[in-house]
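Letter by letter, the chains look like this.
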Amino acid sequence: MHEHEWESLVKETLTRYADAHRDRIATLEYEIVEELPERRPNPHPRWGFALAGAVAVAAIFVIGLWVGLHLSVAPCSDPDVLCLVYPHAQSVSVAAQFTLWEPVPMNGPDRSGVWWIRLPQEIKPGRYEYGFIVDGTRWVYDPRATEFVHTFDDKINSVLYIAPRGEQP
Amino acid sequence: MGEGELELIQRALHGDMNAWGEIVRRYKDAVFGIAIGILGNPADAEDATHDAFIRAYEGLHTFHLDKRFSTWIFAVTANVCKNKLRRERLFAPLKHISRLTKGSDPAQQLAQQERTQLIKDAIDQLKPAYRMPLVLRYYADLDYKEIAEVLGLPEGTVKTRLHRAKAELKQILEQKGVTGHA
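What counts and what doesn't
Residues numbered from 1 in each chain as written. Chains lettered and ligands numbered in written order. Predicted model: local features only at pLDDT ≥ 70, side-chain atom pairs only at ≥ 80, totals over all residues. Heavy atoms only, no water. Helix = DSSP H or I, 4+ residues; strand = E, 2+ residues; numbered from the N terminus. Buried < 20%, exposed > 50% of the residue type's maximum accessible area, 1.4 Å probe, protein only. Areas by Shrake-Rupley, 256 points an atom, 1.4 Å probe, with all protein chains shown as cover. Contact = heavy atoms within 4.5 Å. Disulfide = S-S within 2.5 Å. Core = buried A, V, L, I, M, F, W, Y, C linked by side-chain atoms within 4.5 Å. Buried area = accessible area lost by both parts, 1.4 Å probe. Salt bridge = Lys/Arg side-chain N within 4 Å of Asp/Glu carboxyl O. Polar contact = N/O pair within 3.5 Å; in protein donor to acceptor, adjacent residues only side chain to side chain. Arc of directions from axis to C-beta. Pairing = 2+ DSSP bridges. Patch = residues over 30% accessible without salt bridge, like charges linked within 9 Å, V, L, I, M, F, W, Y side chains within 5 Å.

A.B. asks: Please provide a residue-by-residue account of the overall build of chain A, values included.
C.D. replies: The secondary structure content of chain A amounts to 3 helices and 8 strands. Seen in sequence order, chain A has helices and strands lined up from the N terminus as α-α-α-β-β-β-β-β-β-β-β. Here chain A holds 169 residues, and 38% of them are scored as buried. Only carbon and sulfur atoms are counted for the fraction: they give 59% of the accessible area of chain A, which is about 10,100 Å².

A.B. asks: Requested: an account of the overall build of chain B, with residues and values cited.
C.D. replies: In terms of helices and strands, chain B carries 8 helices and 0 strands. Along chain B, helices (α) and strands (β) appear in the sequence α-α-α-α-α-α-α-α when read from the amino end. Taking all 182 residues of chain B together, the buried fraction comes to 54%. Taking contacts inside chain B between residues at least 6 apart in sequence as the whole, the part at least 24 apart equals 64%. Accessible surface computed for chain B: about 8,100 Å², of which carbon and sulfur atoms make up 48%.

A.B. asks: Explain the state of the cysteines residue by residue, including any values.
C.D. replies: Residues and elements named next belong to chain A. Counted by the stated rule, this structure contains 1 disulfide over all chains. Between Cys-76 and Cys-83 runs a disulfide, and the two sulfur atoms are separated by 2.0 Å. The chirality of the disulfide connecting Cys-76 with Cys-83 is left-handed, given an S-S dihedral of about -100 degrees. The pair Cys-76 / Cys-83 is uniform in exposure class, with both members buried.

A.B. asks: Explain the nonpolar core residue by residue, including any values.
C.D. replies: Core analysis: the largest hydrophobic core is formed by 72 residues, its most contacted members being Trp-20, Phe-53, Leu-60, Phe-69, Leu-134 and Leu-169 of chain B. Counting residues per element, this core draws most heavily on helix H2 (residues 17-39) of chain B, at 13 residues. Of all hydrophobic cores here, the second largest spans 19 residues; its members include Val-94, Phe-132, Val-134 and Ile-162 of chain A.

A.B. asks: Please provide a residue-by-residue account of the interface of chain B and chain A, values included.
C.D. replies: At the junction of the two partners, chain B supplies 73 residues and chain A supplies 51 residues. Across the interface of chain B and chain A, roughly 5,900 Å² is buried in total on both sides, 62% from carbon and sulfur atoms. Counting the contacts that link chain B with chain A gives 5 salt bridges. In this structure, the salt-bridge partner of Glu-7 of chain A is Lys-166 of chain B, at a minimum N-O distance of 3.8 Å.

A.B. asks: Can you tell me about the side chain of Arg-22 of chain A, naming the residues and giving the values?
C.D. replies: Looking at where Arg-22 of chain A falls in the secondary structure, it is placed in the loop between helix H1 (3-20) and helix H2 (28-35). A polar side-chain atom of Arg-22 of chain A sits 2.9 Å from a polar atom in the side chain of Tyr-139 of chain B. Residue contacts for Arg-22 of chain A: discarding those within four places in its chain leaves Asp-29, Phe-32 and Tyr-139 of chain B.

A.B. asks: Account for helix H1 (residues 5-13) of chain B, naming residues and giving values.
C.D. replies: Residues and elements named next belong to chain B. Within H1 the residues assigned to the buried category are Glu-5, Leu-8, Ile-9, Ala-12 and Leu-13. The buried side chains of H1 occupy one side of the element, clustering within an arc of 140 degrees when seen end-on. Just beyond H1, the residue with positive phi is Gly-15, at close to 95 degrees.

A.B. asks: Can you explain the pattern of salt bridges? Please cite residues and give values.
C.D. replies: When the charged atoms of two side chains lie near each other, side chains of opposite charge can form a pair. A full pass over the atoms with the stated rule returns 15 salt bridges over all chains. In this structure, Asp-19 of chain A engages Arg-22 of chain A in a salt bridge whose closest nitrogen and oxygen atoms are separated by 2.3 Å. One salt bridge connects Lys-84 of chain B with Asp-44 of chain B, and the closest N-O pair in it is separated by 3.9 Å. Of the two residues, Lys-84 of chain B is situated in helix H4 (residues 69-88) and Asp-44 of chain B in helix H3 (residues 42-58); the sequence distance between them amounts to 40 residues. In this pair, the class of Lys-84 of chain B matches that of Asp-44 of chain B, namely buried. One network of salt bridges, in which partners are shared, links Asp-19 and Arg-22 of chain A together with Asp-29 of chain B.

A.B. asks: Lay out the pairing of strand S2 (residues 92-96) of chain A with the relevant residues and their values.
C.D. replies: All names here are of chain A. In terms of burial, S2 is a largely internal element, 5 of the 5 residues being buried. Side chains of S2 alternate between two faces, with Val-92, Val-94 and Ala-96 and Ser-93 and Ala-95 buried alike. Here S2 runs beside strand S5 (residues 126-134); their pairing, made up of 5 bridges, is antiparallel. Residue Ala-96 lies in a different strand from S5, and its bridge partner there is Tyr-130. In terms of strand pairing, S2 meets strand S3 (residues 104-105) through 2 bridges, oriented antiparallel.

A.B. asks: Explain the pairing of strand S4 (residues 114-118) of chain A residue by residue, including any values.
C.D. replies: The side chains of a regular strand alternate, residue by residue, between the two faces of the sheet. All names here are of chain A. Of all 5 residues making up S4, 4 are buried, and the element is well covered by its neighbours. Here strand S1 (residues 81-85) pairs with S4 via 5 bridges, running antiparallel. When the bridges of S4 are listed, Val-81 appears paired with Arg-118.

A.B. asks: Report on a nonpolar patch on the surface, specifying residues and quantitative values.
C.D. replies: Taken together, the side chains of Tyr-141, Phe-148 and Ile-156 of chain A make up a nonpolar region of the molecular surface, amounting to roughly 260 Å² of accessible area. Inspection of the secondary structure assignment puts Phe-148 of chain A in strand S7 (residues 147-150).

A.B. asks: Kindly report on H2 of chain A, identifying the contributing residues and their values.
C.D. replies: Within the sequence span of H2 of chain A, burial applies to Leu-28, Glu-29 and Ile-32 of chain A. Viewed end-on, H2 of chain A has its buried residues packed into an arc of 95 degrees, placing them on one side of the element. Facing away from the buried side of H2 of chain A by more than 90 degrees, the exposed set consists of Tyr-30 and Glu-34 of chain A. On its buried side, H2 of chain A packs onto H2 and H3 of chain B.

Rendered as structure tokens:
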């Protein structure tokens, strides 16, 4: 079988199979719209406030970066902070279920080569899988985690638990 | 990003449900196609499609407006499917395909149905790590870079997995005597 024939067969099969069951989602948009009023996007910024907030965050970030580079040590004893020791990395991000697996850049490195990020306050209590992405490509688990998951795509995710406010994790 | 799509997303961010409904209407076929390809089961794909749009709405503030929305919603979909597979250990191949496209010749239609079933079974036999890039490549028409972005993998890994997926699939199909001719 030629390559293009083979590819056409796969494409045709997937398309025909999806088409055959498409009536299952015929009214999906109406169902979603009915269900969503209780679930507004969070946070829900007005753009003016968002811009002002972004400027403030940028200013804090620049000051924090300077302080981070020159003076401070990563606050890894804080339970709300994720840390990873990786002195030679150019960049480290965290990707987690609570970020919808979007990479979020971490601060650092500090003088000891530690990268860190504070967990957002608005995360709801629950169990979350996460991992670090070093230099944009390498998936690294958190050696400080107490629970791990072996994923179907041969990665290891770390697990953290967010306790309700006022309770110890 | 399609015409008016950015405006729809901004309206949805401000709580306009109808704007999000329009986004759902535009993307539901693609999202469902990816979900059914990965999960191999229409009922689970329906649930995953629903969950993907709810989760996407709840996390819409994390979407960068200068990026492609399709890549982002496909990434949300792939994650919902991955979690579903992980949770339910759901690898059962589908046994029947119903309501296939009608053909004029019943014999030809039957042969086509059988071949489609064989290929679908073969795709379902692949490991999820191989099946996901395959579906994104051949159903959603994404290139390597986009698949890498959707699955959160390096581009090289995507190429390798697609290569292995194709090799395995070819082997399975050849064992079953499937050829490229209708």
